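Residues per chain, in single letters:
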Amino acid sequence: MKITIIGAGYVGLVTAAGLSDLGHSVQCLESNLEKLAHLQNGAVPFYEPGMQDLLAKVTQSGALQVAGFSKQAVADADIVMIAVGTPTGAKDGKVDLQYIHQAVDQIAPHLSGGAVVATKSTVPLGTTRQIAARIKKINPQLNFAVASNPEFLREGQALYDFRNPDRIVVGCETEWAREKMRALYAHFIKSGVPFVEVDLETSELVKYAANAFLAAKVAFINEIADLCESSGADIAGVARGIGLDSRIGPKFLNPGPGFGGSCFPKDILALSQMGEEYDSPLSIVEAVMESNAARKQNMARKIITACGGDVKGKKIAVLGLAFKAETDDMRDAPSLDILPVLHQAGAKLHCYDPKAMAAAAQLLPFAAMAKDSAAALQDADAAVILTEWAEFKDLDFAQMARAMRSPLLIDLRNLFSPEDLASKGLHYVSVGRPDMVPEPKKRISHG
Ligand code: UDX
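The sections below set out a description of the structure shown in this document. (Residues numbered from 1 in each chain as written. Predicted model: local features only at pLDDT ≥ 70, side-chain atom pairs only at ≥ 80, totals over all residues. Heavy atoms only, no water.)

Overview of the environment of G171
Following the sequence through the fold, G171 ends up in strand 7 (residues 168-172). On a C-alpha basis, the gap between G171 and A90 in space is 29 Å, while along the polypeptide they are 81 residues apart. Residue contacts for G171: discarding those within four places in its chain leaves V146, A147, S148, V198, D199, L200 and S203. (Helix = DSSP H or I, 4+ residues; strand = E, 2+ residues; numbered from the N terminus. Contact = heavy atoms within 4.5 Å.)

Quick word on the sheet that holds strand 2 (residues 25-29)
Strand order in this open sheet of eight strands is 3-2-1-4-5-6-7-8, and the pairing throughout is mixed. With partners counted over all chains shown, the strands left at the sheet margins are strand 3 (64-67) and strand 8 (195-198), one partner each. Geometrically, the sheet is characterised by an average inter-axis angle of 20 degrees between neighbouring strands, direction not taken into account. In the sheet, strand 6 (residues 144-148) pairs with strand 7 via two bridges, with the strands oriented antiparallel. Its bridge partner being in strand 7, S148 is matched across the sheet by G171. Here helix 6 (residues 127-138) sits on the sheet in contact with strand 5 (115-119) and strand 6, set at roughly 160 degrees to strand 6. Each of strand 6, strand 7 and strand 8 is contacted by helix 10 (residues 200-231), which is oriented at about 145 degrees to strand 7, the strand it contacts most. (Pairing = 2+ DSSP bridges. Axes fitted to C-alpha atoms, helices over the stretch in contact; angles between N-to-C directions.)

Points about the site of the ligand
Close contacts around the ligand come from 18 residues, with L153, E155, K207, N254 and G260 the closest. The contact in question runs from an oxygen atom of the ligand to an N or O atom on the side chain of R413, over 3.0 Å. The element that contributes the greatest number of residues to the shell around the ligand is helix 10, accounting for three residues. Classifying every residue of the shell around the ligand by side-chain character gives nine nonpolar, three polar and six charged. (Near = heavy atom within 4 Å. Polar contact = N/O pair within 3.5 Å; in protein donor to acceptor, adjacent residues only side chain to side chain. Nonpolar A, V, L, I, M, F, W, Y, C, P; charged D, E, K, R; others polar.)

Remarks on the sheet that holds strand 13 (residues 408-411)
Paired through backbone hydrogen bonds, the strands of a sheet run either parallel or antiparallel to each other. What the six strands build is an open sheet, ordered 11-10-9-12-13-14; its pairing is parallel. Strand pairing shows two members of the sheet lacking a second neighbour, strand 11 (368-369) and strand 14 (427-429), which therefore form its edges. Note that strand 9 (residues 315-319) and strand 12 (residues 382-385) share four bridges and pair parallel. The residue of strand 12 that forms the bridge with A317 is A383.

Observations regarding the packing of helix 10 against helix 13 (residues 283-306)
Two elements in contact, helix 10 and helix 13, have axes separated by 9 Å at closest approach and are oriented at 45 degrees. With respect to their mutual orientation, helix 10 and helix 13 come out oblique. In the packing of helix 10 onto helix 13, the handedness of the crossing is left-handed. Along its contact with helix 10, which presents A212, A215, A216, A219, N222, E223, D226 and E229, the element helix 13 presents V285, V288, S291, R295 and K302. A breakdown of the residues in the contact of helix 10 with helix 13 according to their chemical character gives six nonpolar, two polar and five charged. (Parallel < 35°, antiparallel > 145°, perpendicular 65-115°, else oblique. Left-handed = near helix turned anticlockwise from the far one by under 90°.)

Considering unusual backbone geometry
Even without a glycine there, the phi angle at D279 is positive, about 50 degrees. Following the sequence through the fold, D279 ends up in the loop between helix 12 (264-277) and helix 13.

Considerations on the state of the cysteines
Per the stated rule, a full pass over the model turns up zero disulfides. With no disulfide of its own, C28 lies 17 Å from the sulfur of C263, the closest cysteine sulfur. On the basis of relative accessibility, which here comes to 0%, the residue C28 falls in the buried class. (Disulfide = S-S within 2.5 Å. Buried < 20%, exposed > 50% of the residue type's maximum accessible area, 1.4 Å probe, protein only.)

Details of the environment of A398
Mapped onto the elements of the fold, A398 is located in helix 17 (residues 397-403). Note on A398: relative accessible area 28%, which makes it partly exposed. Spatially, the C-alpha atom of A398 lies 8.5 Å from that of L421, the residues being 23 residues apart in sequence.

Some remarks on the side chain of K315
The residue K315 is located in strand 9 in this model. It is D379 that comes nearest to the buried, bridge-free K315 among opposite-charge side chains, at 5.8 Å. Polar contacts involving the side chain of K315 include one to the main-chain carbonyl oxygen of A375, which spans 3.4 Å. A polar contact is formed between the side chain of K315 and the backbone oxygen of Q378, at a distance of 2.6 Å. Apart from residues no more than four positions distant in its own chain, K315 is found in contact with K348, H350, A375, A376, Q378, D379, A380, D381 and A382. (Lys, Arg positive; Asp, Glu negative; His and termini not counted. Salt bridge = Lys/Arg side-chain N within 4 Å of Asp/Glu carboxyl O.)

A short note on the pattern of salt bridges
For the coordinates displayed, the defined rule picks out 22 salt bridges. Among the salt bridges present, the one from R182 reaches E197, with a minimum N-O distance of 2.5 Å. On the criterion of sequence distance, the pair formed by R182 in helix 8 (residues 175-184) and E197 in strand 8 is long-range, its members being 15 residues apart. Relative accessible area serves as the criterion here: at 33%, E197 is assigned to the partly exposed category.

A word on helix 1 (residues 10-21)
The end-to-end C-alpha separation of helix 1 is 17 Å, in line with the 16 Å expected for 12 residues at 1.5 Å each. Of all the 12 residues making up helix 1, 10 are buried; the element is thus mostly covered by neighbouring parts of the structure. All buried positions along helix 1 are accounted for by Y10, G12, L13, V14, T15, A16, A17, G18, L19 and S20. G23, located one to two residues past helix 1, shows a positive phi value of around 115 degrees. (Expected span 1.5 Å × (residues − 1).)

This is the structure we're talking about:
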């Protein structure tokens, strides 16, 4: 089919590349000229494993074309997919739909009869219906239909998630348009992926409810980890013990510094606002927001406490800044809440992140950026792990213990076994598990 996607960000570009790799003919239109220049030079303007290679493959084959806005690309399309950002408005904290409106106004005059306009972006209840009204107003004679088609892509695993969806959700109220959406995803339907067909609002709510539920699961295990710390229980045992219940499942039970990213915080705020708007309060969603915000402050205090209650003048190595591993995305990263508190308390922060340092340097001007972990750790009074990058698992801890002024590692991602690190001479503080002090140096008996 001929697909035109508006927006070449984390969602639009992955979707465009993925669909073209399945055999569709896709045009992806990006209005940001700097991003567009990157893309037309074959470079992906963000880090997403596998994206660079896939973009090269599908652009060389011609299956995917990336361009600026093109009327022809809109007129050619069987389906026009809107995949622009819907950030939280800075002023009122509400979902900012300006980019959605811009995209709709741009495409409406050029759509061909029989086109489906599918919203891929995460939009509040009722937005897809408003998009239909907006198009009708601009182009009253046009025979078109709208659809809601939320994505469930995780950053860092977006290509995997595109190729291996647990389900595809389509909100649509026009049978011929539903047929087109089935044709779009025929590959997945044939391989048995559940294809959930619902109405527009139901589809929009699935996206928010899914993210809010996942965020609640993370906030829940984080609070249980706090109870483990104060009671001597072990969070790894609790997570395993509850995760084996098939109704709970083992995923998203990893305690950490609090959730961040471009989706969870924004989507749970939007969902809580919808609760108010429809006079159906979502107290659990609100509790998740409060719990997560408190956690980031608690984590800063945990670090200061682990450093003896005072970090004034101390060099603290910070390993990991991005909101999670395998991404360069700093949006709502816990580091943005935790590091200012340490800085205010007088700590000298030396940070390293494999992919996010360029973005982080703008956001954390008070922190020094180290070229690698070893440089950050040299003569440090403490080290803090905020992001679960795989390369941190290969650190040489005995060497780390020798290089640091004091061998204190505060691991907010539970990457290591406490016993193992203590045996290497580190004082190891983690989440929801007892602290481990280094074993006393073995006295070598002299006979
Ligand atoms: C999320 C949803 O998973 C995805 O389906 C949706 O499309 C977009 O939002 P993403 O924000 O990329 O994806 O990251 P995700 O892997 O879900 O992690 C979200 C946050 O929760 C991160 O800050 C992560 O560190 C944290 N997290 C996740 C935990 O702290 N513990 C976990 O066990 C899982």
